[in-house]
Amino acid sequence: MAYWLDMDSFNGILKELSADNVVYAPVKMTGKGAFSGTDLVAYREISGVEQIEFKEKSRFSPKEIVFPITQTLLYFTEEEYAVPGTGEKGIIVFCRPCDVNAFKRLDEIFLRNGGRVDSYYRELREKVRFFVIECAESFDSCFCVSMGTNRADGYDVFIRAAGGGFLCDVRGDLATLFEKFGGPAEMSLRFIEENKTKVSIPESVDQSVFGHGIWREYASRCIACGRCTVSCPTCSCFTMQDIFYEDNPNRGERRRVWASCMIDGFTAMAGGHGFREDHGDRMRFKLMHKISDFRKRFGYNMCVGCGRCDDVCPEYISFARAINRVDALMKEAVENV
Amino acid sequence: MLDINTKKLMKNAYRITKHRGITALRVRVLGGGLDAGYLDVIKAIAERFGNGKVHITTRQGFEIPGIPMEKIPGVNRLLAPVIQGLEVEMGVGIADVNGGYPAAGTRNVSACIGNSVCPFANFNTTELAGKIEKLIYPNDFHVKIAVTGCPNDCIKAHMQDIGVIGLVLPVYDPGRCMGCGACVKNCRKVASGALEMVNYKVRRDHRRCLGCGECVLKCPTSAWTRGDQYYRLVIMGRTGKKNPRLARTFLEWVNEGAVLKVIGNMYGYIEKYIDRSLPKEHVGYIVDRTGLPVFSQEVLQGIELGSLGRAAGFIPFGGYTY
Ligand code: SF4
Ligand code: SF4
Ligand code: SF4
Ligand code: SF4
Ligand code: SF4
């Protein structure tokens, strides 16, 4: 069912929903960009629709809502431990189609990988309902069409910001609420059907490309800052930290914290060895995971083509171009057989 | 029969040069930035009245040499749009734009390129340079002021009577920190080692922090973000024959209001303590004579240092003497 709502009625809905839900959306924070005089678009809890940034792409993805950067897994004393709760409320996430698809990838990793379920992830993930923001136009760096992630399914509400109000396609039990606040409307869903950036995914990538000079080039360009992976909606690596409180080291907590294959220390082992020190090797590992290795296990690619990695790289390294270069190398290899 | 009042000529921003009867005009370029269109005016003056050459000064102005002294009124009329655009429109009180510059003692307020271009910059340097110019110009006292966007000090604020350095208070969100250590390592390498890792999270020692904002720039997760904007004021740096030295910190972590007020107050201090038997006494030498406490007492009048602000009680200026 589709409904049209003006700003006030949409806020009426948000107000009712907020009783039982925490609502997250991309928010533009003035002056919070790294460079002075620039803004940061990232996920924050909101109470009104006017707080939502509908125009710009968020720098960070919504994954941090169900996979927090720092998450306390348990508190411990000498005798016992306690697992923190996540509250009673549901979670509503305003995000774009690619991000909904990214959650599907996270689900594979956290819920269906190796026959184990990550209960911490599941607990938060089960609370989530998606309010999908329609992409009116593709951003320059997006390549969702190439990745087949331009369409979103599994949402509760699909929103088009139009004419000072919102056209919403509503599924499931929320329809009653929308009916109360909005008027009936016609809506045909629109998805992005073409991006400026296009990638061609190699059918398979084998070790023949591992020795190629492009990795030496990336080794000389990449500074291993990790921005690409931290902004990526599908990167899911984490590390564990046991904290002993400074004023009482007999107590503490165990946390899980994001980690990145691009950042120093990811492959650190006892004795100080690391087996992927070279930045070009890290780039290759990341790329293989995103467009080949994940697919081998789950049948589709990990990367959703959101283009955030390209947007944030301070060294202007384009992941999309890297994919295309590897594709070209593989085609060359096939031709040379 | 050339009869020139050299005092007036110099006050009008012209020079007595080594060539008799020939002068040079110094054009102020506030904060070092100007619309390219003004270059046509500079060019026209140089070609029509000067010797066709332009010298770029260390204070980010243009010096146009080779101008016969009797041409000054004509030059001033041609200069009017520059004074209008770069001074009057910035709010500087100049009554007659056709008469050339009304004073030359207080020099052009120079500025690094700041946050309109530079990624390190903590604020808009040109804007602050404009506010300072509006406050202190025209004025005959010999004062040099420069504004720089961050502690890298590209404008060499440390060589000025007053150097204004832009700071940012880094704000930390421990929940967003993934403990990558990039900020800690970088602060140690390029700034002051104000950060350390404690229990996998970052601790900042404010007493050692320069407010450069490098940690904000380096953080991949935006655990560090920009907090409030502050300034550090370094004072009484100078080159020259008598005891050249770098400026030292007088105020730190103060706001713009305090910066402007101190600069304004300093002119009152000069008025009160300048040695009028000299043709001109630079403010730094006045401070050498009166001592810092007298200077502080005058310039800190009515200043709100704020909760973070601090003022130096003693400054070991150093430098060297020949
Ligand atoms: S690899 Fe880049 S384009 Fe692909 S999902 Fe991650 S951030 Fe988006
Ligand atoms: S953002 Fe760019 S420089 Fe940083 S780790 Fe990723 S590819 Fe390397
Ligand atoms: S002083 Fe700082 S802000 Fe100014 S140009 Fe240099 S680095 Fe950039
Ligand atoms: S602002 Fe500069 S000195 Fe202060 S903690 Fe950050 S990097 Fe270090
Ligand atoms: S750079 Fe950011 S994420 Fe890394 S340790 Fe510093 S605050 Fe934490």
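Quantities reported herein were computed from a predicted structural model and do not represent experimental measurements. Residue positions are given per chain, counting from 1 as you read along its sequence in written order. Chain letters and ligand numbers both follow the written order, the letters beginning at A and the numbers at 1. Thresholds applied to this predicted model are a pLDDT of at least 70 for local features of residues and 80 or more for the giving and counting of side-chain atom pairs; totals over whole chains, interfaces and linings are not thresholded and use all residues. Excluded from the side-chain calculations are hydrogens and water; all other atoms, namely the structure's heavy atoms, are used.

## What about the domain arrangement of chain B?
All names here are of chain B.
- Segmentation of chain B into domains returns domain 1 (6-99), domain 2 (110-167 + 230-311) and domain 3 (170-228).
- Residue ranges assigned to each domain were obtained from an automatic or database domain assignment. Put simply, the middle of domain 2 and the middle of domain 3, counted by C-alpha atoms, are 29 Å apart.
- Surface buried jointly by domain 2 and domain 3 totals about 900 Å² across both partners, of which 51% is contributed by carbon and sulfur atoms.
- Polar contact criterion, stated in full: a pair of N or O atoms within 3.5 Å, where within protein one must be able to donate a hydrogen and the other to accept it, and residues adjacent in sequence count only if both atoms are side-chain atoms. Our count for the domain 2 to domain 3 interface comes out at three residue pairs in polar contact (both at pLDDT 80 or more).
- Amino acid classes used here: Ala, Val, Leu, Ile, Met, Phe, Trp, Tyr, Cys and Pro are nonpolar; Asp, Glu, Lys and Arg are charged; the rest, including Gly, are polar. A breakdown of the residues in the side of domain 2 that touches domain 3 according to their chemical character gives eight nonpolar, two polar and no charged. Put simply, buried area is how much 1.4 Å-probe accessible surface two parts lose in total, over both of them, once they are put together.

## Focus on the environment of Gly211(A)
- Labels follow the DSSP assignment, with helices taken as runs of H or I lasting at least four residues and strands as runs of E lasting at least two, numbered in each case from the N terminus. Among the structural elements, Gly211(A) can be located in the loop between strand 10 (183-185) and helix 7 (213-221).
- The sequence separation of Gly211(A) and Phe275(A) amounts to 64 residues, and the corresponding C-alpha distance is 16 Å.

## A few points about the side chain of Asp107(A)
Residue and element names in this part refer to chain A.
- Here Asp107 is to be found in helix 3 (residues 97-111).
- Exposure is judged per residue with a 1.4 Å probe applied to protein chains only, and the accessible area is read against the type maximum: over 50% gives exposed, under 20% gives buried, and values in between give partly exposed. When its relative accessible area of 8% is taken as the criterion, Asp107 is described as buried.
- Residues in contact with Asp107, not counting those within four places in the same chain, are Arg112, Tyr121 and Arg125. By definition, residues are in contact when any of their heavy atoms lie within 4.5 Å.

## Thoughts on the packing of aromatic side chains
- The pairing test for Phe, Tyr and Trp rings, Trp by its six-membered ring, is centres within 6.5 Å, and the orientation test on the planes gives stacked under 30 degrees, edge-to-face over 60, and tilted for anything in between. Within the structure shown, the criterion is met by 27 aromatic pairs over all chains.
- Measuring from ring centre to ring centre gives 4.4 Å for Phe110(A) and Tyr121(A), while their planes differ by 15°; the resulting arrangement is stacked. With a gap of 11 residues between them, Phe110(A) in helix 3 and Tyr121(A) in helix 4 (residues 119-125) connect regions that are remote in the sequence.
- Look at Tyr320(B) and Tyr322(B): their rings are 5.3 Å apart centre to centre, the planes differ by 70°, and that puts the pair in the edge-to-face class.
- Its relative accessible area of 70% is what places Tyr322(B) among the exposed residues.
- Taken together, Tyr3(A), Phe10(A), Phe54(A), Phe94(A), Phe131(A), Phe166(A) and Phe178(A) form an aromatic cluster joined through their ring pairs.
- Geometry around Phe210(A) places Arg284(A) over its ring, the cationic atom sitting 4.4 Å from the centre. Charge over a ring is defined by NZ of Lys or CZ of Arg lying within 6 Å of the ring centre and within 35 degrees of the ring normal.

## Overview of the pattern of salt bridges
All names here are of chain A.
- A side-chain nitrogen of Lys or Arg and a carboxyl oxygen of Asp or Glu constitute a salt bridge if their distance falls within 4 Å. The full count for this structure, using the stated rule, is 43 salt bridges over all chains.
- Salt-bridge contacts for Glu253 lead to Arg255; the nearest nitrogen and oxygen are separated by 2.9 Å.
- Judged by relative accessible area, which is 13%, Arg255 ranks as buried.

## Remarks on the interface of chain B and chain A
- With 27 residues of chain B at the interface, the matching set in chain A holds 31 residues.
- Across the chain B to chain A interface the summed buried area is about 2100 Å²; carbon plus sulfur atoms make up 51%.
- Applying the counting criterion to the chain B and chain A interface returns three salt bridges.
- In this structure, Lys185(B) engages Asp264(A) in a salt bridge whose closest nitrogen and oxygen atoms are separated by 3.7 Å.
- Applying the counting criterion to the chain B and chain A interface returns 12 residue pairs in polar contact (both at pLDDT 80 or more).
- Tallied by class, residues from the side of chain B that touches chain A come to 13 nonpolar, eight polar and six charged.

## Describing the domain arrangement of chain A
All names here are of chain A.
- Splitting chain A by domain gives domain 1 (2-184) and domain 2 (207-335).
- On a C-alpha basis, the centres of domain 1 and domain 2 stand 25 Å from each other.
- The partner domain 2 presents 42 residues to the 41 residues of domain 1 that form the contact.
- Counting the surface lost from both domain 1 and domain 2, the interface buries some 3500 Å², and carbon and sulfur atoms represent 59% of this.
- On the domain 1 side of the contact with domain 2, Phe76, Arg105 and Phe143 bury the most area, a combined 18% of that side's loss.
- Scanning the region where domain 1 abuts domain 2 turns up three salt bridges.

## Here we look at the site of ligand 5
- As a matter of local geometry, ligand 5 sits amid 14 residues, with Cys177(B), Cys180(B), Gly181(B), Cys183(B) and Cys219(B) nearest to it.
- Split by residue class, the shell around ligand 5 holds 11 nonpolar, three polar and no charged. Whether a residue is near a molecule or strand depends on its heavy atoms: if one lies within 4 Å, it is near.

## Remarks on the packing of helix 4 (residues 125-136) of chain B against helix 7 (residues 256-273) of chain B
Residues and elements named next belong to chain B.
- For helices, the axis comes from a line fit to the C-alpha atoms of the stretch in contact; other axes are also lines fit to C-alpha atoms, and the angle between any two N-to-C directions lies between 0 and 180 degrees. Viewed as axis vectors pointing N to C, helix 4 and helix 7 meet at an angle of 30°, and their least axial separation amounts to 10 Å. Accordingly, the angle class assigned to the pair helix 4 and helix 7 is roughly parallel. Between helix 4 and helix 7 lies a crossing whose hand is right-handed. From helix 4, Leu128, Lys131, Ile132, Leu135 and Ile136 reach across to helix 7, where they touch Glu256, Leu260, Ile263, Gly264 and Tyr267.
- In terms of residue class, the contact of helix 4 with helix 7 is made up of seven nonpolar, one polar and two charged. Any angle that falls under 35 degrees is termed roughly parallel, while one over 145 is termed roughly antiparallel, one within 65 to 115 roughly perpendicular, and all others oblique. Each helix crossing is assigned a hand: it is left-handed if the near helix lies turned anticlockwise from the far helix by less than a right angle, otherwise right-handed if that turn is clockwise.

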